Amino acid sequence: MTEYRKPNVSQAEINEAFGPAYREQWNDKLQRQIDADIEKNRKAEGEFSLPASAAGREIQVEQLSHDFIFGAHIFNFDQLGTDERNRRYKELYGTLFNSATIAFYWKQLELEEGHPRFRPEYRDSADFWNHCPNPNSQPHWRRPATDPVVEFCRSKGIRLHGHTLVWGNNRWQIPDWLIGRMPLHFLKKANLEQNPSDGTLECQATAYPFEEMSADEMAEAMPEYTTLLNVLTAKRIMEIAVRYGDKIDSWDVANESAADFGKGRMVPGSKLCKSWYGPMPGDYTYRAFKIAESVFPEKAKLNINDYNLSEDYLQQVCDLRRRGCKIDIMGAQMHLFDPQICLNIASGKDLRQSPETVRRTMELIGKAGLPIHLSEITITSPGGDRRGEIIQAGISRNLYRLWFSLAPMMGITWWNVVDGCGAPGEPAISGLFTRDMEPKLSYFALNDLIHHEWHTSLSCRADREGKVGFRGFRGRYRLSWTSAEGKAESMECHLK
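All residue numbers refer to positions counted from 1 along the written sequence of the respective chain. Since the coordinates come from a predicted model, pLDDT governs what is reported: local features require at least 70, and pairs of side-chain atoms require 80 or more to be given and counted, while whole-chain, interface and lining totals use all residues. Side-chain measures were taken over the full set of non-hydrogen atoms in the model, leaving aside hydrogen atoms and water.

**Looking at the overall build of the protein chain**
(1) Moving on: For helices the rule is a DSSP run of H or I covering at least 4 residues; for strands it is a run of E covering at least 2, with both sets numbered from the N terminus onward. Within the protein chain, the secondary structure is distributed over 18 helices and 18 strands.
(2) Moving on: Only C-alpha atoms enter the radius of gyration, while the globule expectation follows 2.2 Å times N to the 0.38, with N the number of residues. The C-alpha atoms of the protein chain give 24 Å as radius of gyration, which agrees with the globular expectation for 496 residues (23 Å, within 12%).
(3) Moving on: Its C-alpha atoms give the protein chain principal-axis dimensions of about 80 × 50 × 50 Å.
(4) Moving on: Three exposure classes are used, based on accessible area relative to the maximum for each residue type with a 1.4 Å probe and protein chains only: buried under 20%, partly exposed in between, and exposed over 50%. Expressed as a percentage of the 496 residues in the protein chain, the buried residues total 56%.
(5) Moving on: The contact definition used throughout considers only heavy atoms, calling two residues in contact when any of these lie within 4.5 Å. Looking at the protein chain alone, contacts between residues at least 24 apart form 75% of all its contacts between residues at least 6 apart.

**Some thoughts on the packing of aromatic side chains**
(1) Moving on: Only the six-membered ring of Trp is used, alongside the rings of Phe and Tyr, when aromatic pairs are assigned; centres must lie within 6.5 Å, and planes under 30 degrees apart are stacked while those over 60 apart are edge-to-face, with the rest tilted. Summed over all chains, the structure comprises 32 aromatic pairs.
(2) Moving on: Here Trp106 and Trp177 contribute two aromatic rings whose centre-to-centre distance is 6.3 Å and whose plane-to-plane angle is 80°, an arrangement assigned as edge-to-face. Here Trp106, found in helix H5 (residues 106–109), pairs with Trp177, found in helix H8 (residues 176–179); they are 71 residues apart in sequence, far enough to count as distant. In this structure, Trp106 and Trp177 share a single accessibility class: buried.
(3) Moving on: Ring centres 6.0 Å apart and planes at 90° place the aromatic pair Tyr122 and Phe128 in the edge-to-face group.
(4) Moving on: Grouping aromatic residues by their ring pairs yields a cluster made of Phe75, Tyr105, Trp167, Trp276, Tyr277 and Trp415.
(5) Moving on: Note on criteria: charge over ring means Lys NZ or Arg CZ within 6 Å of the ring centre, with the direction from the centre no more than 35 degrees off the ring normal. A cation sits over an aromatic face here: Lys43 above Phe473, 4.9 Å from the ring centre.
(6) Moving on: The lysine or arginine in question, Arg143, covers the ring of Tyr105, its NZ or CZ lying 3.7 Å from the ring centre.

**Here we look at the side chain of Asp124**
(1) Moving on: Position of Asp124 among the secondary structure elements: in the loop between H5 and helix H6 (126–130).
(2) Moving on: Judged by its relative accessible area of 10%, Asp124 is buried.
(3) Moving on: Two N or O atoms form a polar contact when they lie within 3.5 Å of each other; inside protein one atom must be a possible hydrogen donor and the other a possible acceptor, and for residues adjacent in sequence the pair counts only when both atoms belong to side chains. Separated by 3.4 Å, the side chain of Asp124 and the backbone nitrogen of Ala145 make a polar contact.
(4) Moving on: Those residues in contact with Asp124 that lie beyond four places of it in its chain are Asp78, Arg117, Arg119, Trp129, His140, Pro144 and Ala145.

**Notes on empty space enclosed by the protein**
(1) Moving on: With a 1 Å grid spanning the protein atoms alone, the term cavity applies to any set of points in which a 1.4 Å probe fits but cannot get out, the term pocket to an open set with protein on both sides within 12 Å along at least five of seven lines, and the term lining residue to any residue with an atom within 4 Å of a point. Grid points are joined across faces, edges and corners, and a volume is the space filled by probe spheres set on the points. Counted according to the given criterion, the structure contains four cavities of 30 Å³ or more.
(2) Moving on: Taken as a whole, the second largest cavity encloses approximately 50 Å³ of empty space.
(3) Moving on: In terms of lining residues, the second largest cavity is bounded by Trp106, Leu165, Val166, Trp167, Gln173, Ile174, Leu229, Thr233, Met280 and Pro281.
(4) Moving on: For the lining of the second largest cavity, the secondary structure elements donating two or more residues are strand S5 (159–166), helix H11 (223–244) and strand S10 (279–281).

**Re the side chain of Glu91**
(1) Moving on: For Glu91, the position within the fold is in the loop between helix H4 (83–90) and strand S4 (99–103).
(2) Moving on: When its relative accessible area of 10% is taken as the criterion, Glu91 is described as buried.
(3) Moving on: Within polar-contact distance, the side chain of Glu91 engages the side chain of Thr2 at 2.5 Å.
(4) Moving on: A polar contact of 3.0 Å, which involves the side chain of Glu91, links it to the side chain of Arg87.
(5) Moving on: With near-sequence residues (within four places) excluded, Glu91 lies in contact with Met1, Thr2, Tyr4 and Lys156.

**Considering the sheet that holds strand S2 (residues 58–66)**
Within a sheet, neighbouring strands are paired by backbone hydrogen bonds and run either parallel or antiparallel to one another.
(1) Moving on: Reading across the sheet, the four strands line up as S15-S2-S17-S18 and stay open at both edges, with antiparallel pairing between neighbours. Of all strands in the sheet, those bounded by a partner on one side alone are strand S15 (457–461) and strand S18 (488–495). Mean inter-strand twist for the sheet, computed between neighbouring axes without regard to direction, equals 25°.
(2) Moving on: Alignment of strand S17 (residues 475–482) against S18, held across eight bridges, turns out to be antiparallel. Its bridge partner being in S18, Ser480 is matched across the sheet by Ser490. For two strands to count as paired, DSSP must find a minimum of two bridges between them. Orientation is described by axes fitted as lines to C-alpha atoms, over the contacting stretch for helices, and by angles from 0 to 180 degrees between their N-to-C directions.

**Quick word on the confidence of the model for the protein chain**
(1) Moving on: Predicted confidence across the protein chain gives a mean pLDDT of 95, with 95% of residues reaching 70 or more.
(2) Moving on: Low pLDDT, under 50, characterises residues 204–208; the stretch is placed with twelve contacts to residues that sit more than four places away or in other chains. Scored from 0 to 100, pLDDT records how confident the predictor is in each individual residue.

**Some words on the pairing of S5**
(1) Moving on: With eight of eight residues buried, S5 is to be regarded as a mostly interior element.
(2) Moving on: Relative to S5, S4 runs parallel, the two being bridged by five bridges. By the bridge assignment, Thr101 is partnered in S5 with His161.

**Observations regarding the pattern of salt bridges**
(1) Moving on: Whenever Lys or Arg places a side-chain nitrogen within 4 Å of a carboxyl oxygen from Asp or Glu, that contact is recorded as a salt bridge. Considering all chains together, one arrives at 31 salt bridges under this definition.
(2) Moving on: Arg359 serves as the salt-bridge partner of Asp37, at 3.9 Å between the closest nitrogen and oxygen. Linking Asp37 in helix H3 (residues 28–42) with Arg359 in helix H16 (residues 355–366), this pair joins segments that are 322 residues apart in sequence.
(3) Moving on: A residue is classified by how much of its surface remains accessible, and Asp37, at 14% relative accessible area, is buried.
(4) Moving on: Among the ionic pairs, Asp436 bridges to Arg85, the shortest N-O distance being 2.7 Å. Residue Asp436 is found in the loop between strand S14 (409–414) and helix H18 (441–453), and its partner Arg85 is found in helix H4; the two are separated by 351 residues along the sequence.
(5) Moving on: Overlapping salt bridges bring together Glu84, Arg87, Arg88, Glu91 and Glu438 as one network.

**Observations regarding H4**
(1) Moving on: Among the residues of H4, Asn86, Arg88 and Tyr89 are the ones counted as buried. End-on view of H4: buried residues confined to an arc of 165°, all on one side of the axis. Note that the arc is computed from the directions linking the helix axis to the C-beta atoms.

**Focus on the packing of H3 against helix H17 (residues 386–405)**
(1) Moving on: Relative orientation of the contacting elements H3 and H17 amounts to 40°, with a least axis distance of 8 Å. Relative to H17, H3 is oriented oblique. Every pair of crossing elements has a handedness; the one defined by H3 and H17 is left-handed. Residue-level inspection shows Gln31, Ile34, Asp35, Asp37, Ile38, Asn41 and Arg42 of H3 in contact with H17, the latter providing Asn398, Arg401, Leu402, Phe404 and Ser405.
(2) Moving on: Residue composition of the contact of H3 with H17, grouped by class: four nonpolar, four polar and four charged. Roughly parallel here means an angle under 35 degrees, roughly antiparallel means over 145, roughly perpendicular means 65 to 115, and every remaining angle is called oblique. Definitions for this section: a left-handed crossing has its near helix turned counterclockwise from the far helix by less than a right angle. A right-handed crossing has that turn clockwise. For this classification, Asp, Glu, Lys and Arg are treated as charged, while Ala, Val, Leu, Ile, Met, Phe, Trp, Tyr, Cys and Pro are nonpolar and the rest, including Gly, are polar.

**Some details on the sheet that holds S4**
(1) Moving on: Read around the closed barrel, the eight strands follow the order S3-S4-S5-S8-S11-S12-S13-S14; overall the barrel is parallel. Taking each pair of neighbouring strands and ignoring which way they run, the sheet shows an average axis angle of 30°.
(2) Moving on: Of the pairings in the sheet, the one linking strand S3 (residues 69–73) to S14 comprises four bridges and is parallel in character. By the bridge assignment, Gly71 is partnered in S14 with Thr413.

This is the structure we're talking about:
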């Protein structure tokens, strides 16, 4: 594991980066409450029976791993341009991160119809990317072949999360070859154009295309495309489940669909949905969950995911569950893409991520009664300079502590790990590392929380029967002792 030297940051630099209004929002009283909630919601009491050799002996208790998910996407697997960068990137998984979100976007996974990129080709190799002058221009940038990533993550013993099975987005999800099968006059009506930066097709219309038509009328006007869209969406879910169902722990079954639900576009029994993205299978979230439930193993967690953390999202999840859908986890996104927003937060002018706002939002979606996964987190370092890094690290530390303290929370996943590796339009300065894989202050902030502040290490004494009890963060532990004969012994246990 690469050892990184943590830079010193003075209190004067912190005070200059964060205004009095921000410091008052995150005052000492609030921090004590966060600590108390972490103690209450993230720790547990455990009692374990050790071998007779441990009876009456002093026991060293050392935490090995967290049950709580500290994740990141792994979209830049072998794509960073040098073997050394790739090595540093990979070693974060299983150390800083105990979970990886793996890219299953349909558009890039199946660039050519009928040939999903499960197995790696030369274009997925480190050698290809090490000699690629413009990696961001490649259609499979941030979309590595899935087999090598799955195998790597399983070798690290970390949790695997698949993203995403169903999503209506024409630019990032629906394959160009499928969009191209839409009747020509519908394509023209939708004003679908090719994006010059990456060649993908996207809808340029400012209003919903085919506004004058109902979903049923659209289905009747293009019956072949409607059938194809429904059949291929179902086939994709089943194909992925057969290949990875017993290998990947959880899945985003439906992504960013609450807006369609809120507009009343999810009509039970319909053939087509007039999604705000474009045509989608009828009642697509319900059907996606029912298909996924039928083909994935029971142990696979089925997630719904959205940035729209409103009453619409809550009601959508409640509606789907009332209709019999297996939804195990609610995903919640939080992207601070605009560097100015982080500057405004640091000055105390922007309250969208204030402690009160975060609590209210999580209380609202928490009414569904499901665990919450902060599934996509972006926090920029405005300006890309030292002050920007201090702001990114400070906001990250406070938000992670608050999120970690909330009872429904089960995990937090950072989005773009490396600067300059986001999707087009995302900030180039939102990583935990620079493009050369040098750590930023935000890396040290998260590392300190995960491996120090939220790490249980203590000594206690076993009773005469060899039983020992302690309180700690939920996760796996190693208990070590020296027997009366001077022999070093240990056992592992799980504090749930």
